[in-house]
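Residues per chain, in single letters:
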Amino acid sequence: MHDPDLEVSSPENSWDMSLNQASVWRYLAVLPTWFGAGTLFLLMAMTFADVILRSLFGNPIESATELTRLFMAIIVFSSLPLISWKGSHIVVDLMDPLFSHRLARLRDITIDLACGVVLLWPAKRVWELAERAREYGDVTEYLNLPQHYIGWFIAVFTFATALTFIARAVSRAISFVRD
C-alpha cells in the first residue's frame, strides 16, 4: 500500500522546480534553452557541411573553428540558469549518508547560496573584459564579428545563473522554515 504520510520529504518535493505550469516565468526559463538547442542544431549542420565540403571538395568552411567556439559558448551559458534551477548539475554524493535529512537541506541551501554569491564575481569580470574588447574594437579572426557581444552574452547568463542559485537558496530556505 502507498501511504503518503510515510513518504520522505525532500527539498525538491516541497517546492516546484519542474516549471510545468504555464506562466511567464516558465517561458523566461525555457526560452534560453530553446535558443541553446537551436544553436546546437546549427552547430551540427555546420559540422556536417564542413565534413562534406572538406571530404568531397577539399574546401572546408574556413570559419568553422571560430563558429564552433561561439556556438559552444551560447549552448553552455544559455543552458546554465535552467540547469541550476532544476539542480541538474553533476553531483558527487559520497558524503550524503553522513548528513541527516534536515542537515542535508541546510547544506543544500548553503551550497546554493555560496554558488550564487561566488558567480557574481565572474559575471562582473567577464562584463569588464567585454567592455574592454568593445573599447579596443576587438573582432574575431575570420568573420570580423565584434568579440564583446559574446562577452556580454556570457556575462548576462552567468549573472542570471548567480541569481538563479540565490533564488533557489531563498526558495529552499522558505520551504525549510515552513517545515
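Here is a short report on the structure shown in this document.

What counts, and at which threshold
Residues numbered from 1 in each chain as written. Predicted model: local features only at pLDDT ≥ 70, side-chain atom pairs only at ≥ 80, totals over all residues. Heavy atoms only, no water. Helix = DSSP H or I, 4+ residues; strand = E, 2+ residues; numbered from the N terminus. Expected span 1.5 Å × (residues − 1). Bend = angle between axes of the 7 residues up to and from the residue. Buried < 20%, exposed > 50% of the residue type's maximum accessible area, 1.4 Å probe, protein only. Contact = heavy atoms within 4.5 Å. Salt bridge = Lys/Arg side-chain N within 4 Å of Asp/Glu carboxyl O. Core = buried A, V, L, I, M, F, W, Y, C linked by side-chain atoms within 4.5 Å. Phe/Tyr/Trp six-rings, centres within 6.5 Å; stacked < 30°, edge-to-face > 60°. Axes fitted to C-alpha atoms, helices over the stretch in contact; angles between N-to-C directions. Parallel < 35°, antiparallel > 145°, perpendicular 65-115°, else oblique. Left-handed = near helix turned anticlockwise from the far one by under 90°. Nonpolar A, V, L, I, M, F, W, Y, C, P; charged D, E, K, R; others polar.

Spanning 34 residues, helix α2 (residues 24-57) covers 48 Å between terminal C-alpha atoms, matching the ideal 50 Å at 1.5 Å per step. Where α2 bends most, at Val30, the angle is about 25°, and the proline Pro32 comes one to four residues later. Every buried residue of α2 is listed here: Ala29, Val30, Pro32, Gly36, Thr39, Leu43, Met46 and Asp50. Looking at the buried positions of α2, the neighbouring elements they touch are α3 (64-86) and α5 (148-178).

Glancing now at the pattern of salt bridges. Applying the stated criterion across every chain yields a total of 10 salt bridges. For Arg168, the salt bridge goes to Asp112, with nearest N and O atoms at 2.9 Å. Taken together, the residues span a long stretch of sequence, with Arg168 in helix α5 and Asp112 in helix α4 (residues 101-136) at a distance of 56 residues. The exposure classification of Arg168 matches that of Asp112, with both residues buried. Here the salt bridges do not stand alone but share partners, grouping Asp96, Arg107, Asp108, Asp112, Arg168 and Arg172 into one network.

On to the nonpolar core, then. Among the nonpolar cores identified, the biggest contains 6 residues, and these are Leu43, Met46, Ala64, Leu67, Phe71 and Ile75. Contributions of two or more residues to this core are made by α2 and α3. Broken down by element, this core gets its largest block of residues, 4 residues, from α3. Contacts of Met46, omitting those with residues within four sequence positions, involve Ile61, Ala64, Leu67, Thr68 and Phe71.

Before going further, it helps to examine unusual backbone geometry. Even without being a glycine, Asn144 presents a positive backbone phi close to 55°. Tracing the backbone shows Asn144 in the loop between α4 and α5.

Time to look at the packing of aromatic side chains. In the structure shown here, the tally under the stated rule is 4 aromatic pairs. Look at Trp127 and Trp152: their rings are 5.7 Å apart centre to centre, the planes differ by 20°, and that puts the pair in the stacked class. In this pair, Trp127 is assigned in helix α4 and Trp152 in helix α5, connecting sequence segments 25 residues apart. Taking relative accessible area as the criterion, Trp152 reaches 24% and is therefore assigned partly exposed. Relative to Phe157, the ring of Phe153 lies with its centre 4.6 Å away and its plane at 40°, an arrangement referred to as tilted. Of this pair, Phe153 and Phe157 both sit in helix α5, 4 residues apart, which is roughly one turn of the helix. Like Phe157, Phe153 is buried. Each member of the aromatic cluster is reached from another via a ring pair, and the members are Phe35, Phe153 and Phe157.

All right, on to the packing of α4 against α5 then. At a closest axis distance of 7 Å, the pairing of α4 and α5 adopts a crossing angle of 160°. Between α4 and α5, the interaxial angle falls into the category roughly antiparallel. Regarding α4 and α5, the two cross each other, and that crossing is left-handed. For the contact of α4 with α5, the class distribution of residues is 24 nonpolar, 6 polar and 8 charged.

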